Amino acid sequence: MSETALPLLPQRRPFVFFHQRLFREKPLGAIGGVVFVVFLFCGIFADVLAPFGMNETDMLRRLQSPSWAHWFGTDHIGRDVLSRILYGAQLSVIVGFMAAGLATVISIVLGVVCGYFGGAIDMAIQRFVDAWMTFPDLVLLIVVISIVGPGVPQIVIILGCLYGIAGSRIIRGSVIGIRENMYTHAAQSIGASTPHILTFHILPNVMPVVIVLFTTRVGAVILAEAGLSFLGLGIPPPSPTWGSMLSGTGRTYMYLGPWLALAPGLCLTVVVYAINIYGDALRDLLDPRMRGR
Amino acid sequence: MQAFIIRRILALIPTLIFTSVIVFASIRMIPGDVIDLMLAQNDISTGNDRAVIEASLGLDKPIYVQYFVWVGNILQGDLGRSLWQNTPVTEQLAATLPITFELGFLALIVALSVAIPIGIYSAMAQDTAGDYLARSFSLLMLAVPSFWLGTLVMVFPSVWWRWAPPLQYTPFLEDPLGNLGHMMVPSILLGLSLSAVTMRMTRTMMLEVLRQDYIRTARAKGLSENIVVMRHALRNCLIPVVTLIGLQAPLLIGGAVILEQIFVVPGMGLLLLEAVFQRDYPVVTGVFLVVGIAILLINLFVDLTYGFLDPKVRH
């Protein structure tokens, strides 16, 4: 009797399938995702997209209102605001992704250690996390920056630690749930090693939470960095960050050129809003228990 | 209730210890040593003076002894002296803390009066255009940076109508109207940014409560929808919202730092920023510690209130 080969089912590509679902079920979140990608694109290709250099001055064209030549106008020393916004996006992308990446790694390490092992380690780390979360983000950032000084690496490390430690609580909660699942007990009973269980059973199941956490952290980091730059404690000039464009000497000239107050804040709001609704949509699709909260 | 209060206070102790350790570690991480700053300020540079100052500050002792001495001083209300003004840090904090609390309190009133009605409406009109609009507003408030809103409020009314928010601070007891006039704009802005989370929480809790059996019973009795919502649903849905006030305390104080700077409110946030720029580390760490302890105490108070409101929590 000859064996009849079963027809192969078309292989489902999880990434494509997930995004099809996102556009179908969460159109607003999908729009947020598109804006997020556009922001990433602008940040990565700022050098190519920017019509002028970030610090290219033209004293003859100072404080010009928005026009075809200068879409967002020019500032008090004749720099093109659009170009500075694009270079600002580049810095936001660098800081946002690096700090959110670091925060996610810290959250995973602390969350998995506390959630899986529990006991005295968990107790001690959680009391530290409690104390850490007591301080307002901005106050903690200001104090640490006053000690280590401003600069991209410092800001990435501080923001990474700040959000990483706080986010570990979410991963911990998720790991505690997974630890009690039957498949984890089964792996333990057949003698699988702890690193094996963590790598192949706990981590893959915690990934949806990690993805959502990373996405929302990018928005939070961008906002925090802008706040620091606004206070003059962020990335030092002449680098054009969105926060610093709203403060410093430029602030005095906003009364003569109100457009200077619009573009950076608007970009910041749109990007963070887009990331938030994208993060919300991801959470709804990846973790149905949290839907609508 | 007594056992609940004791349990909560005991649970606070380890967190309080870690909080003090974080602040103490930040003092020890200060670059260039506090003594260098003091020597530079007083124009002294001999090695002998340095040793004398080190001994007088107790910096020649082991680190754990320094920690306990520092904690002992704090318990006696001694947070050190400002390097620039040479006044006790506690004095500066006592002058600025009530101003920040006033700003926070006004912001909280704004946040609750915006968030609770919108949250209830959003739950009652679930999945309608109004609900989507309310949720979008809440997400938007989470995304709009308060320093940008503050900048817009300063710039545009001035350009369009030649009006600017008042920037001259007057103590409440001297001129209540003048004080509220100055505090109004920053507290509205701070309140709006806080309202986002409270609104989402109110909506979620309201949706949960509206699905409870006792609500169905109330409707079955023929009560009007207004009475069902106001008398039966709202009271139960607001209990968890109380916890949010505690959780939002860090956001409130963090937001106050920026808005105090924009609107020249001489509160703790402005004190912190000025101290950071002057490298006045005793003031920086003093504010840091007081903020941490204030938030822990607010959370304790909220927890106890929650236990009082909801008997289930006590057990």
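Residues numbered from 1 in each chain as written. Chains lettered and ligands numbered in written order. Predicted model: local features only at pLDDT ≥ 70, side-chain atom pairs only at ≥ 80, totals over all residues.

Student: Talk me through the overall build of chain A; I want residue IDs and the actual numbers.
Tutor: Assigned secondary structure in chain A consists of 10 helices and 0 strands. Projected onto its principal axes, the C-alpha positions of chain A cover 85 × 60 × 30 Å. When burial is assessed residue by residue, chain A has 44% of its 293 residues classed as buried. For chain A, long-range pairs separated by at least 24 residues make up 71% of all intrachain contacts whose partners lie at least 6 apart in sequence. (Helix = DSSP H or I, 4+ residues; strand = E, 2+ residues; numbered from the N terminus. Buried ≥ 20, exposed ≤ 12 C-beta atoms within 10 Å, placed from the backbone. Contact = placed C-beta atoms within 7 Å.)

Student: How would you sum up the overall build of chain B? Please name residues and give values.
Tutor: Across its full length, chain B holds 13 helices and 0 strands. Its helices and strands taken in sequence order, chain B reads α-α-α-α-α-α-α-α-α-α-α-α-α from the N to the C terminus. Referenced to the eigenvectors of the C-alpha coordinate spread, the extents of chain B come out at roughly 85 × 60 × 35 Å. Counting only contacts in chain B whose residues sit at least 6 apart along the sequence, the fraction spanning at least 24 positions is 73%.

Student: Any details on the interface of chain B and chain A? Residues and values, ideally.
Tutor: Of the residues lining the interface, 40 residues belong to chain B; the matching set on chain A comes to 33 residues. Within the residue set of the side of chain B that touches chain A, elements represented by two or more residues are helix 1 (2-28), helix 6 (129-143), helix 7 (146-161), helix 10 (225-262), helix 11 (268-277) and helix 12 (281-309) of chain B. Here the side of chain B that touches chain A gets 8 residues from one element, more than from any other, and that element is helix 7 of chain B. Of the residues in the side of chain B that touches chain A, the class split is 31 nonpolar, 9 polar and no charged. (Nonpolar A, V, L, I, M, F, W, Y, C, P; charged D, E, K, R; others polar.)

Student: Give a detailed account of the packing of helix 7 of chain B against helix 8 (residues 176-210) of chain B, specifying residues and quantitative values.
Tutor: All names here are of chain B. Interhelical geometry of helix 7 versus helix 8 gives an angle of 145° and a closest axis separation of 10 Å. Viewed along their axes, helix 7 and helix 8 form a crossing whose handedness is right-handed. In this structure, helix 7 uses Ser 146, Leu 149, Gly 150 and Val 153 to contact helix 8, whose residues at the interface are Val 185, Leu 189, Leu 190 and Ser 193. (Axes fitted to C-alpha atoms, helices over the stretch in contact; angles between N-to-C directions. Left-handed = near helix turned anticlockwise from the far one by under 90°.)

Student: Please give an account of the packing of helix 10 of chain B against helix 11 of chain B that cites residues and values.
Tutor: Residues and elements named next belong to chain B. Contact pair helix 10 / helix 11: the axes reach a minimum separation of 7 Å and the direction vectors enclose 80°. Judged by the inter-axis angle, helix 10 sits roughly perpendicular to helix 11. In contact with Ala 256, Val 257, Glu 260 and Gln 261 of helix 10, helix 11 contributes Gly 269, Leu 270, Leu 272 and Leu 273. Broken down by class, the residue content of the contact of helix 10 with helix 11 amounts to 5 nonpolar, 2 polar and 1 charged. (Parallel < 35°, antiparallel > 145°, perpendicular 65-115°, else oblique.)

Student: Can you break down helix 1 (residues 14-25) of chain A residue by residue, with the values?
Tutor: Here helix 1 of chain A contains 12 residues, and its C-alpha end-to-end distance of 16 Å stays within 8% of the 16 Å for a straight helix at 1.5 Å per residue. The buried fraction of helix 1 of chain A is low, at 0 of 12 residues. (Expected span 1.5 Å × (residues − 1).)

Student: Tell me about helix 10 of chain B, and please be specific about residues and values.
Tutor: All names here are of chain B. Taking 1.5 Å as the rise per residue, helix 10 with 38 residues should run 56 Å; its terminal C-alpha atoms sit only 45 Å apart, a clear shortfall. Roughly 45° is the biggest bend found in helix 10, and it falls at Leu 234. Positioned one or two residues after helix 10, Val 264 has a phi angle of 50°, which is positive. (Bend = angle between axes of the 7 residues up to and from the residue.)

Student: Could you give an account of the confidence of the model for chain A, naming the residues involved and the relevant values?
Tutor: Per-residue confidence for chain A averages 86 on the pLDDT scale, and 93% of its residues sit at or above 70. Per-element confidence in chain A ranges from a low mean pLDDT of 82 for helix 1 of chain A to a high of 92 for helix 4 (residues 81-117) of chain A. (pLDDT = per-residue confidence, 0-100.)

Student: How would you summarise the nonpolar core if you had to cite specific residues and measurements?
Tutor: Within the largest apolar cluster, 150 residues are counted, with the highest numbers of intra-cluster contacts made by Val 139 and Val 221 of chain A together with Leu 272 and Val 287 of chain B. The element that contributes the greatest number of residues to this core is helix 4 of chain A, accounting for 17 residues. With residues near it in sequence (within four places) discarded, Val 139 of chain A still touches Ile 253, Gly 254, Val 257, Leu 272, Phe 288 and Val 291 of chain B. (Core = buried A, V, L, I, M, F, W, Y, C linked by C-beta atoms within 7 Å.)

Student: Would you mind going over the environment of Leu 192 of chain B in detail, with residue names and values included?
Tutor: Residues and elements named next belong to chain B. By the element assignment, Leu 192 lies in helix 8. On the basis of neighbour count, Leu 192 is assigned to the buried category, with 20 C-beta atoms found within 10 Å. Separated by 62 residues in the primary sequence, Leu 192 and Gly 130 place their C-alpha atoms 19 Å from one another. Sequence-distant contacts of Leu 192, that is, excluding residues within four places in its chain, are made with Val 110, Val 114 and Met 141.

Student: Outline the environment of Leu 59 of chain B, listing residues and values.
Tutor: Mapped onto the elements, Leu 59 of chain B comes out in the loop between helix 3 (47-57) and helix 4 (63-75). Counting along the chain gives 195 residues from Leu 59 of chain B to Gly 254 of chain B, while the straight-line C-alpha distance between them is 32 Å.

Student: How would you summarise unusual backbone geometry if you had to cite specific residues and measurements?
Tutor: One non-glycine residue with positive phi stands out, namely Leu 63 of chain A, at about 50°. Residue placement: Leu 63 of chain A occurs in the loop between helix 3 (46-49) and helix 4. Notably, Val 264 of chain B is not glycine yet its phi reads approximately 50°, a positive angle. You can see Val 264 of chain B is positioned in the loop between helix 10 and helix 11. Under the C-beta neighbour-count criterion, Val 264 of chain B is labelled partly exposed, with 14 such atoms within 10 Å.

Student: Can you tell me about the confidence of the model for chain B, naming the residues and giving the values?
Tutor: Residue and element names in this part refer to chain B. Across chain B, the average pLDDT comes to 84, with 91% of residues at or above 70. When pLDDT is averaged over each element of chain B, helix 5 (residues 89-124) comes out on top at 91 and helix 2 (residues 34-42) at the bottom at 65. The ipTM for the predicted assembly is 0.84, set against a pTM of 0.84.

Student: Break down the environment of Pro 66 of chain A for me, with residues and values.
Tutor: Residues and elements named next belong to chain A. By the secondary structure assignment, Pro 66 is in the loop between helix 3 and helix 4. With 16 C-beta atoms packed within 10 Å, Pro 66 lands in the partly exposed category. Taking C-alpha positions, Pro 66 is 9.2 Å from Val 81, a pair spaced 15 residues apart along the chain. The residues touching Pro 66, leaving out its near neighbours within four places in the chain, are Trp 71, Phe 72, Gly 73 and Trp 259.

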